[in-house]
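Below, each chain spelled out in residue letters.
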Amino acid sequence: MTGIQNSTGLAFPEGPVALPDGSLLAVEIRGQCLTRIAADGSRRIVASLPGGPNGAAVGPMARFTFATMAVSSLVTSTPMESTFP
């Protein structure tokens, strides 16, 4: 079985979303960010998400949506092609 290797040091990750290239996107509640985790376990922060982000999804037109606890709302990004190379 193949898959993503362990990635450590994440700050309370939630809402992992599998991407077509085999990587994952996850919000980090304590880290207040969106992190992309590669298949080898390496990671990079791709967006700052203040307000305790939790839950995540990729919706129509490749827009990333996450929930935020601070303002009890849903936030939708620009299309992923322009945001996540």
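Everything discussed here concerns the structure shown above.
Residues numbered from 1 in each chain as written. Predicted model: local features only at pLDDT ≥ 70, side-chain atom pairs only at ≥ 80, totals over all residues. Heavy atoms only, no water.

**Q** I tried to follow the sheet that holds strand 1 (residues 13-18) on my own but got confused; where do I start?
**A** Adjacent strands of a sheet pair through backbone hydrogen bonds, lying either parallel or antiparallel. In space, the four strands of this open sheet follow the order 1-2-3-4, with antiparallel pairing throughout. Only two strands of the sheet have a single neighbouring strand rather than two, namely strand 1 and strand 4 (43-48). Strand-to-strand twist in this sheet, taken as the mean axis angle between neighbours without regard to direction, amounts to 25°. (Pairing = 2+ DSSP bridges. Helix = DSSP H or I, 4+ residues; strand = E, 2+ residues; numbered from the N terminus. Axes fitted to C-alpha atoms, helices over the stretch in contact; angles between N-to-C directions.)

**Q** I tried to follow unusual backbone geometry on my own but got confused; where do I start?
**A** Glycine aside, residues mostly have negative phi, and peptide bonds are mostly found in the trans state. For F12, which is not glycine, the phi torsion reads 60° and is therefore positive. Examined against the element boundaries, F12 turns out to sit in the segment before strand 1. Phi at Q32 is positive, roughly 50°, even though this residue is not glycine. The residue Q32 is located in the loop between strand 2 (24-28) and strand 3 (33-37) in this model.

**Q** Explanation requested: the pairing of strand 4 in the structure shown.
**A** On a regular strand, one side chain projects to one face of the sheet and the next to the other, so that they alternate. Relative to strand 4, strand 3 runs antiparallel, the two sharing five bridges. Across the sheet, R36 pairs through a bridge with R44, a residue of strand 4. What sits between strand 3 and strand 4 in their antiparallel hairpin is a turn of five residues, with G41 showing a positive phi close to 95°.

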